[in-house]
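# Results of the structural survey
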Amino acid sequence: MKINALIADDASQPLKAGQVELRDMQADDVKIEILYCGVCHSDLHMARNEWGVSRYPLVPGHEIVGRIVETGESVANFNTGDIVGVGVMVDSCGNCHFCQQQEEQYCAEGFTPTYNGTDKYTGGTTFGGYAQHVVADHRFVVSIPDNLPLNAVAPLLCAGVTVWSPLRHFNVKAGDRVGVIGLGGLGHMAVKLASAMGAEVTLFTTSPNKGEDALRLGAKRVVVSRDAEQMAACQTSLDIILDCVAAPHDLDPYLATLKTNGHLVLVGIPDQPHPSPNVTPMVFRRLSITGTSIGSIRETQEMLDFCGQHNITADVEMIKGDETEAAFARMLKSDVKYRFVIDMQKTRW
C-alpha cells in the first residue's frame, strides 16, 4: 500500500512530501492512521545521516499517536477506532533473554526500529511517523489514556519513556533527591515524572533564564552549572542524576553532587565522547556512571498509565508537515519548549 509521507532522499536535501510503500498487513498487525508525531532530535540526526547509518529514502518519526483503522486476524487486544501509540520499536526477536523478560530494547539481535530498520517480513526498510499511516505488530503498540490531549502525548512515546525507564529501574521513590541535567525534550519530562513520583528534583542548567520554567514543571531547586558556588552548595546531596544533554561535557562536577552509592545515568547521546571522568571519587564513594536505552513496551504502557493518573503530558509546539525543516533549524538552536509535534491532519501532501 502506498502512503503519503515526508521523505529524506539523502543527507543534503530537506524533507519533501512524497509516497512510500508500506508492507502488507500480517495477522499480528494493526494499521494506524497517524494523528500526531513528535519531532525527536534523533530524527534530525538520521535525516542528515549524522550517525552514518541512515538508509534512504528515509521517513523519520517514532513518537506516534493515531487511530487504528484495520486489525490483523490474530489481533484480539485492539479494535478498529482505538487510540494508540507507537514508539521507537516495532519488533524484536522475541526469543532472547531480554525479550523473554520484557526488555525488548536490549534485544540480543537488536530490536527493529520504527524507522530506518529492516522489516522482518519484507527485508525492506521500516518507515516512521512523518506519514499518513504506519503498520506495526500489535505487541509493540500501546494504549493511550483517554483523559490526555493526544498531541501532547506523542513525545511520551520516546522522551517520556527514555527518562521513565531509569527512574523505575533505580527505584526512585518519594523523598529521593533526583538531579536532572538539561531542560530540553528529555529533561522537562524527567522533571515532571520524578516530581510526580514524590522525588525532590534539582535541575542543572547552563541557562539561568530556564529557572522559572523548571520550577513550574516541578523542580525544587535550580542550579546554574557554570556557577562554581552554586555547584559547591549541592555537593554530595543527590541520590541519582539523569543526564539528558546530547553534547559532550565534563561529568566530574555532577559526580561531586552525588551521595555515596549515587548513580549518574546517561540518557542523552553526544556526537563526541564525554571527557573521561576522574575515577577517584567514584572509587571512594562507590559512585557509578551508567546509561539506559529508551524503555520496554511494558515500561511504556506503565509510564502512560502513570501519566494518565497524574495528568502529565509533554509541553509541545504544534507544527504542520511543511514546517518540519524550520523546526529542525530551531532545534539546533534549542529554540523549542519543549517538543515539536506534527499535526498530520493539517499536513498538506
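Shown above is the structure to which this text applies.
Summary of the structure given here. As the structure is a prediction and not an experimental result, all values here were calculated from the model.

Definitions and limits used
- Residues numbered from 1 in each chain as written.
- Predicted model: local features only at pLDDT ≥ 70, side-chain atom pairs only at ≥ 80, totals over all residues.
- Heavy atoms only, no water.
- Helix = DSSP H or I, 4+ residues; strand = E, 2+ residues; numbered from the N terminus.
- Rg over C-alpha atoms; globule rule 2.2 N^0.38 Å.
- Buried < 20%, exposed > 50% of the residue type's maximum accessible area, 1.4 Å probe, protein only.
- Areas by Shrake-Rupley, 256 points an atom, 1.4 Å probe, with all protein chains shown as cover.
- Lys, Arg positive; Asp, Glu negative; His and termini not counted.
- Charge placed at Lys NZ, Arg CZ, Asp CG, Glu CD.
- Core = buried A, V, L, I, M, F, W, Y, C linked by side-chain atoms within 4.5 Å.
- Contact = heavy atoms within 4.5 Å.
- Axes fitted to C-alpha atoms, helices over the stretch in contact; angles between N-to-C directions.
- Parallel < 35°, antiparallel > 145°, perpendicular 65-115°, else oblique.
- Left-handed = near helix turned anticlockwise from the far one by under 90°.
- Nonpolar A, V, L, I, M, F, W, Y, C, P; charged D, E, K, R; others polar.
- 1 Å grid on protein atoms, 1.4 Å probe; cavity = no way out; pocket = protein on both sides within 12 Å on 5 of 7 lines; lining within 4 Å.
- Points joined across faces, edges and corners; volume = space filled by probe spheres on them.
- Expected span 1.5 Å × (residues − 1).
- Salt bridge = Lys/Arg side-chain N within 4 Å of Asp/Glu carboxyl O.

## What about the overall build of the protein chain?
- A count of helices and strands for the protein chain gives 11 helices and 17 strands.
- Here the C-alpha radius of gyration of the protein chain, 20 Å, is about what a compact globule of 349 residues would show, namely 20 Å.
- Structurally, the protein chain occupies a C-alpha span of about 60 × 40 × 35 Å along its principal axes.
- Classification of the 349 residues of the protein chain by burial places 53% in the buried group.
- Summed over its atoms, the accessible surface of the protein chain is roughly 15,000 Å², and 47% of this surface lies on carbon and sulfur atoms.
- Positive and negative side-chain charges in the protein chain, numbering 29 and 41 respectively, have mean positions lying 5 Å apart.

## A word on the nonpolar core
- The biggest cluster of nonpolar side chains holds 52 residues, and the ones touching the most others in it are Val163 and Leu193.
- Sorting the residues of this core by element identifies strand 3 (29-39), helix 4 (159-169), strand 10 (177-181), helix 5 (185-196), strand 11 (200-205), helix 6 (211-217), strand 13 (238-243) and helix 10 (297-310) as the ones contributing at least two each.
- At six residues, the largest contribution of residues to this core is made by helix 5.
- Aside from chain neighbours lying at most four places away, what touches Val163 is Leu186, Met189, Ala190, Leu193, Leu242, Cys244 and Val267.
- In terms of nonpolar packing, the next biggest core, distinct from the first, is built from 41 residues, Ile68, Val134, Phe340 and Ile342 among them.

## Quick word on the packing of helix 4 against helix 5
- Between helix 4 and helix 5, the shortest axis-to-axis distance is 8 Å and the interhelical angle comes to 50°. Comparing their axes, helix 5 and helix 4 come out oblique. In this structure, the crossing between helix 4 and helix 5 has a hand that is right-handed. Between helix 4, through Ala159, Gly160, Thr162, Val163, Trp164 and Leu167, and helix 5, the contact on the second element is made entirely by Gly185, Leu186, Met189, Ala190, Leu193 and Ala194.
- Its residues placed into classes, the contact of helix 4 with helix 5 shows nine nonpolar, three polar and no charged.

## Here we look at empty space enclosed by the protein
- One pass over the structure, following the stated rule, counts one cavity of 30 Å³ or more.
- Gly87, Val88, Leu157, Ile297 and Thr300 are the residues nearest the centre of the largest cavity, which is lined by 13 residues in total.
- Counting only elements with at least two residues in the lining of the largest cavity, the list comes to strand 5 (83-86) and helix 10.
- The residue makeup of the lining of the largest cavity, split by class, is nine nonpolar, four polar and no charged.

## What to know about helix 5
- The first and last C-alpha atoms of helix 5 sit 17 Å apart over 12 residues, in line with the 16 Å expected at 1.5 Å per residue.
- Burial runs high along helix 5: 10 of the 12 residues are buried.
- Within the span of helix 5, buried status applies to Gly185, Leu186, Gly187, His188, Met189, Ala190, Val191, Lys192, Leu193 and Ala194.
- Just beyond helix 5, the residue with positive phi is Gly198, at close to 100°.

## Some remarks on the pattern of salt bridges
- For the coordinates displayed, the defined rule picks out 21 salt bridges.
- One salt bridge connects Glu21 with Lys2, and the closest N-O pair in it is separated by 3.5 Å. Remark: Lys2 occurs in strand 1 (residues 2-7) and Glu21 occurs in strand 2 (residues 16-21); sequence separation between them is 19 residues.
- The exposure class of Glu21 is partly exposed, given its relative accessible area of 44%.
- For Arg339, the salt bridge identified is with Glu63, shortest N-O distance 2.6 Å. Of the two residues, Arg339 is situated in strand 17 (residues 339-343) and Glu63 in the loop between helix 1 (41-47) and strand 4 (64-71); the sequence distance between them amounts to 276 residues. Just as Arg339 is buried, Glu63 falls in that class too.
- One continuous salt-bridge network, built from bridges that share partners, spans Lys192, Asp213, Arg216, Asp315 and Lys337.

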